[in-house]
Structure formats: structure tokens, C-alpha cells
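Examination of the molecular architecture
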Amino acid sequence: DEPTIALLDELDLTAATLGNHELDRGYAELERLRDGGCHPKEGCLYTEPFEGANFPILGANLTTTDGTPAALPYSIDYVDGLPVGVIGVVPSNTPDIIRPDAIAGLQFEDEIAAVNRTADSLGALGVRSIVVLYKGDIGAIDGDDPCPSGDGGAAAIATSVSPDVDLIVTSDGDRHFNCTYTDPAGRPRTVVQGASHGRILSVADLVIDRQSREVLRDRTVV
């Protein structure tokens, strides 16, 4: 895990989202990988001290049982002077697929509610270009269509979350897809995922209007 964080630091990663596997060894270990420090039993195996991640690890829908945020909900990057908000959400069904002791004291809010609330917060800050990172699959593929209907997985999120969100990047399974879904305002929205568990990357180029700070979605290139 430490070498993975170190590699991502070297790649100048600007944001990442939590998935269920980031919690496999418990929240305390996640905090250590994020913030730095030596493992309580194994010490520091590679560098001393381990400095942690230089990038934010996001989870807008992850809180402690008393409602305190357990991860940053969003980050803001400035690209050529224009603010781009990034929201991360962890799968809300994580309690169904991970050991209970690993997530003791944590609770997982509905992803759509968390994205909508966080998008509103970014909008209040004047951020008009927003990307969502979500560790979830696109849903069941019907036949040869790589972009199934929006009734499951990330496809459901793509059709339901706030129209303020301009792009959704997912990361579950080994399938590559570049899909377009209609958001609640009737506008097209792109959903992408790389292939082979991240061995093949997807790149989405967004064009932002300097006056409105809005993404010109008809000019998105994937």
C-alpha cells in the first residue's frame, strides 16, 4: 500500500476517491496511509517516516456514526485559472461486502444524496465545472450494448445526480466504457472507465467557457 501511495504522489495525482478496498484494513490504517506515519506493528518498511498521500482522498458520503465527516467531500483544482471541483463517493453498499470490524464506527450515506449536497456546496463557492469519482460499475450490460439503461450501478447515478455534474469517472471491474447519459436537466453527460483494472486509462478532455465557467459538454472529447 505504501508504494502505491508513493507512486501516485510521483504521478502528481490531484484527487482520488475511496472504494471499499481502501477500508479493507480498517479506518485507522486508511488514515495512516492518507496522513503518514509508521504501521503500528510492521513499522515503516520502505521510508521512515512514511509521509502519506500528497493528494486528497475523497468520500463525500462517509461519516462516523455521529455524523462527523470521515473524509474530505471534495477538492478544487485550478486549471489555467479556472476552478474544477472533484467530488468522490464510496459505494453505499460497502457494509455488505467488507468485514464489519473494518468499518466499525462508520456509516455510508446514499451516493446520490451526497453528490447533490456537495455539488450545491461547490456551486455556492462559484465552481461551475464538476467531476464525480465513483468506485462503481456501470451496471449489467445487455447484449452487445456497452452502455446499459440507467437503472443500476453508475448508470443510475449518471442519470440521477445533480445536472451541475459534468463528468463521471468510475473504477470497478475490468470493462472499458465511454457512455453518455441524459442528466435530470435533459443534457448529455459522459461516464468513462478505464479497462483491465486500471492498466488501460481513459482520458476525458473538457472545454470550459471562461465567462460562465461552465463545461461545454458538446465539446467533451474522450
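Up top is the structure.
Below: a short report on this structure. Only a predicted model underlies this, so the values are computations on that prediction, with no experimental measurement involved.

Let's talk about helix 4 (residues 111–124)
Helix length check: helix 4, at 14 residues, gives a terminal C-alpha distance of 20 Å against a target of 20 Å (1.5 Å per residue), a fit within 8%. Looking at the buried residues of helix 4, the elements they touch are strand 4 (74–79), strand 5 (82–89), strand 7 (129–134) and helix 5 (153–160). Here helix 4 starts with a cap whose side-chain oxygen sits 3.1 Å from the backbone nitrogen of I112, and that cap is D110. A positive backbone phi angle near 90 degrees is found at G126, which sits one or two residues after helix 4.

Some remarks on the state of the cysteines
Under the definition given, this model contains 2 disulfides. The disulfide that involves C38 links it to C44, with 2.0 Å between the sulfurs. In this structure, the disulfide formed by C38 and C44 twists by about -105 degrees around the S-S bond and is classed as left-handed. With relative accessibility at 34%, the residue C38 sits in the partly exposed group. Here C44 falls in the buried class, since its relative accessible area comes to 17%. Should the bonded cysteines of the protein be numbered as they appear in the sequence, the pairing reads 1-2, 3-4.

What counts and what doesn't
- Residues numbered from 1 in each chain as written.
- Predicted model: local features only at pLDDT ≥ 70, side-chain atom pairs only at ≥ 80, totals over all residues.
- Heavy atoms only, no water.
- Helix = DSSP H or I, 4+ residues; strand = E, 2+ residues; numbered from the N terminus.
- Expected span 1.5 Å × (residues − 1).
- Contact = heavy atoms within 4.5 Å.
- Polar contact = N/O pair within 3.5 Å; in protein donor to acceptor, adjacent residues only side chain to side chain.
- Disulfide = S-S within 2.5 Å.
- Buried < 20%, exposed > 50% of the residue type's maximum accessible area, 1.4 Å probe, protein only.

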